[in-house]
Amino acid sequence: MSLDIKICGLSTPETLDAALGAGADLVGLVFFAKSPRNVTLDTARRLAARARGRASLVALTVDATDAELAAIIEKVSPDLLQLHGHEGPERVAAIRARFGRPVMKAVGIAEAADVAAARAYEGAADRLLLDAKPPRGAMLPGGNGLPFDWSLIADFTPAGPDMLDGPKPFMLSGGLTPETVGEALRLTRAPGVDVSSGVESAPGVKDPERIVAFVQAARAAARHARGIATSVRAVSRRAAEDMKT
Ligand SMILES: O=C(O)c1ccccc1N[C@@H]1O[C@H](COP(=O)(O)O)[C@@H](O)[C@H]1O
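Residues numbered from 1 in each chain as written. Predicted model: local features only at pLDDT ≥ 70, side-chain atom pairs only at ≥ 80, totals over all residues.

As annotated in an unreviewed UniProt entry, the chain is N-(5'-phosphoribosyl)anthranilate isomerase from Ancylobacter crimeensis. We quote the UniProt Sequence similarities (unreviewed entry) comment for the chain here in full: "Belongs to the TrpF family." Among the UniProt annotations of the chain, the heading Catalytic activity (unreviewed entry) holds the following wording: "N-(5-phospho-beta-D-ribosyl)anthranilate = 1-(2-carboxyphenylamino)-1-deoxy-D-ribulose 5-phosphate". (UniProt positions renumbered as here; feature names shortened; annotations may be inferred.)

Structural data, given as structure tokens:
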């Protein structure tokens, strides 16, 4: 099954182990001082060593300087850089070229124009993260536990029998929870999902049970979608064969 699941904002060995044990594909560490999930470089280095080879390690930064990114790469060696600030397409492309790591650019979505604006990053970033826009005056540009109107991105993944087998151009985030991720996947057919607040008992405090519940709910929804895609593929094949005879 090719759904990618990312658990973000992990800051302790216990909760990292819960995510890895549940089968998360990506685990995220936050490098942003204002966040309750912020980790120091030393903590990050220890967590990275624990996760290496078991899941892709993501370093989340917000308008980081080259010097800050260089320090993260030297100490933590993440597999993917998540850029969650105001980085424009040129800055994203420059970071990707300079540091030689894949880059996922987060784009806030509140209306159709934001979806169009996200397309501007498609050549510069390896992947997009379609997230809710932060509310006015919010301290954090993400990790606010707020969903956006998923119907805005209903066309981002092409419908059809191959919808789960193609490249993974984006992940969906913003207020996802174990209770809502199935519906989010059904409506958006997103090839990846990312969660932080929705698997916490308090801001910055991850709940191992909710992490497991989230991964299980997302996998169940993906299996269901896979079943539908397989049926569609079989029907298409039969129709094509009927046309030949
Ligand atoms: O989690 C944070 O503290 C954070 C800080 C700064 C930028 C982004 C942050 N989190 C990311 O936001 C999305 C959505 O999170 P949530 O599930 O709505 O809480 C996710 O990618 C987090 O990694």
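Anyway, onward from the coordinates.
The number of helices and strands found in the chain is seven helices and ten strands. Computed over C-alpha atoms, the radius of gyration of the chain comes to 18 Å, within 12% of the 18 Å expected from 2.2 N^0.38 for 245 residues, which places it in the range of a compact globule. The dimensions of the chain, computed from C-alpha atoms along their principal axes, are 65 × 40 × 35 Å. Within the chain, the fraction of its 245 residues that count as buried is 39%. (Helix = DSSP H or I, 4+ residues; strand = E, 2+ residues; numbered from the N terminus. Rg over C-alpha atoms; globule rule 2.2 N^0.38 Å. Buried ≥ 20, exposed ≤ 12 C-beta atoms within 10 Å, placed from the backbone.)

Moving on, we get to the packing of helix H2 (residues 41-51) against helix H3 (residues 66-76). The geometry of a pair of packed helices is captured by two quantities: the angle between their axes and the separation between those axes. At their nearest, the axes of H2 and H3 sit 9 Å apart, and the two run at 40 degrees to each other. For the element pair H2 / H3, the angle class is oblique. In the crossing of H2 with H3, the sense of the turn from one axis to the other is right-handed. Along the contact surface, H2 presents Leu41, Ala44, Arg45 and Ala48, while H3 presents Ala71, Ile72, Lys75 and Val76. Here the contact of H2 with H3 is composed, by residue class, of six nonpolar, no polar and two charged. (Axes fitted to C-alpha atoms, helices over the stretch in contact; angles between N-to-C directions. Parallel < 35°, antiparallel > 145°, perpendicular 65-115°, else oblique. Left-handed = near helix turned anticlockwise from the far one by under 90°. Contact = placed C-beta atoms within 7 Å. Nonpolar A, V, L, I, M, F, W, Y, C, P; charged D, E, K, R; others polar.)

A word on the site of the ligand. Taken together, 27 residues are adjacent to the ligand, and Cys8, Ser35, Gly142, Gly143 and Ser197 come closest. Of the residues assigned to the shell around the ligand, the class counts are ten nonpolar, 14 polar and three charged. (Near = placed C-beta within 6 Å.)

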